[in-house]
Amino acid sequence: MIAKREGVCGGRETIKGHRIPVWQIAKLYIEGSSVEEIGEKFPRLSRDEINQAIRFYKKNEEKISTQIEENEPENVITPSTPNAHILNDRE
């Protein structure tokens, strides 16, 4: 249920058939969201798909944690990002 394809979500692992990276599911899980709460945020995912993403995260914790860190706003927004001045003023 986990796929990795060149050109899809930066080549990171996604839930097969969806453009949802595993790191997004893992981040919610780490922050304390239940499978049901994650399902509310991603209603097109089945409970099994969410659980599979969590299992993948647990088996590949270092790799997925690095992806989470790489996608934190402060690591993604650069001065050359369109409208970065607006995005950086969010609080």
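What you see is a predicted model; the values in this text were computed from it and never measured.

Peer 1: How would you sum up the pattern of salt bridges? Please name residues and give values.
Peer 2: Under the definition given, this model contains 6 salt bridges. The salt bridge involving Glu13 is made with Lys4; its shortest N-O contact spans 3.9 Å. Three or more residues joined by partner-sharing salt bridges are found here, namely Lys4, Glu13 and Lys63.

Peer 1: Any chance you could break down the nonpolar core for me, citing the residues and the numbers?
Peer 2: Ranked by internal contacts, the top residues of the largest apolar core, which has 18 residues, are Ile25, Ile38, Phe42, Leu45, Ile50, Ile54 and Ile64. Sorting the residues of this core by element identifies helix 1 (22-30), helix 2 (35-41), helix 3 (47-59) and helix 4 (61-70) as the ones contributing at least two each. Residues in contact with Leu45, not counting those within four places in the same chain, are Ile15, His18, Ile20, Ile25 and Ile50.

Peer 1: Outline the environment of Phe56, listing residues and values.
Peer 2: Mapping Phe56 onto the fold places it in helix 3. Between the alpha carbons of Phe56 and Val22 there is a distance of 7.9 Å; along the sequence they are 34 residues apart. When residues no more than four places from it in sequence are discounted, the contact partners of Phe56 are Ile2, Glu13, Val22 and Ile64.

Peer 1: Summarise the packing of helix 1 against helix 3; cite the residues concerned and give the values.
Peer 2: Where helix 1 contacts helix 3, the two axes come as close as 9 Å, and the packing angle between them is 85°. Considered as vectors, helix 1 and helix 3 are oriented roughly perpendicular to each other. Together, Val22, Ile25, Ala26, Tyr29 and Ile30 of helix 1 and Ile50, Ala53, Ile54, Phe56, Tyr57 and Lys58 of helix 3 make up the contact between the two elements. Residue composition of the contact of helix 1 with helix 3, by class: 10 nonpolar, no polar and 1 charged.

Peer 1: Quick rundown of the side chain of Gln67? Include the residues and the values.
Peer 2: In this structure, Gln67 sits in helix 4. Setting aside residues up to four positions removed in sequence, Gln67 forms contacts with Arg12, Glu13 and Trp23.

Peer 1: Break down helix 1 for me, with residues and values.
Peer 2: The complete set of buried residues in helix 1 reads Val22, Trp23, Ile25, Ala26 and Leu28. Residues of helix 1 that are buried sit in contact with strand 1 (2-4), strand 2 (13-15), helix 2, helix 3 and helix 4.

Peer 1: Now, about the packing of aromatic side chains: what can you tell me, with residues and values included?
Peer 2: The tally for this structure, following the rule as stated, stands at 1 aromatic pair. Measuring from centroid to centroid gives 6.4 Å for Tyr29 and Tyr57, while their planes differ by 65°, and the two rings are edge-to-face. One end of the pair, Tyr29, is in helix 1; the other, Tyr57, is in helix 3, with 28 residues separating them in the sequence. Its relative accessible area of 30% is what places Tyr29 among the partly exposed residues.

What counts, and where the lines are drawn
- Residues numbered from 1 in each chain as written.
- Predicted model: local features only at pLDDT ≥ 70, side-chain atom pairs only at ≥ 80, totals over all residues.
- Heavy atoms only, no water.
- Salt bridge = Lys/Arg side-chain N within 4 Å of Asp/Glu carboxyl O.
- Core = buried A, V, L, I, M, F, W, Y, C linked by side-chain atoms within 4.5 Å.
- Buried < 20%, exposed > 50% of the residue type's maximum accessible area, 1.4 Å probe, protein only.
- Helix = DSSP H or I, 4+ residues; strand = E, 2+ residues; numbered from the N terminus.
- Contact = heavy atoms within 4.5 Å.
- Axes fitted to C-alpha atoms, helices over the stretch in contact; angles between N-to-C directions.
- Parallel < 35°, antiparallel > 145°, perpendicular 65-115°, else oblique.
- Nonpolar A, V, L, I, M, F, W, Y, C, P; charged D, E, K, R; others polar.
- Phe/Tyr/Trp six-rings, centres within 6.5 Å; stacked < 30°, edge-to-face > 60°.

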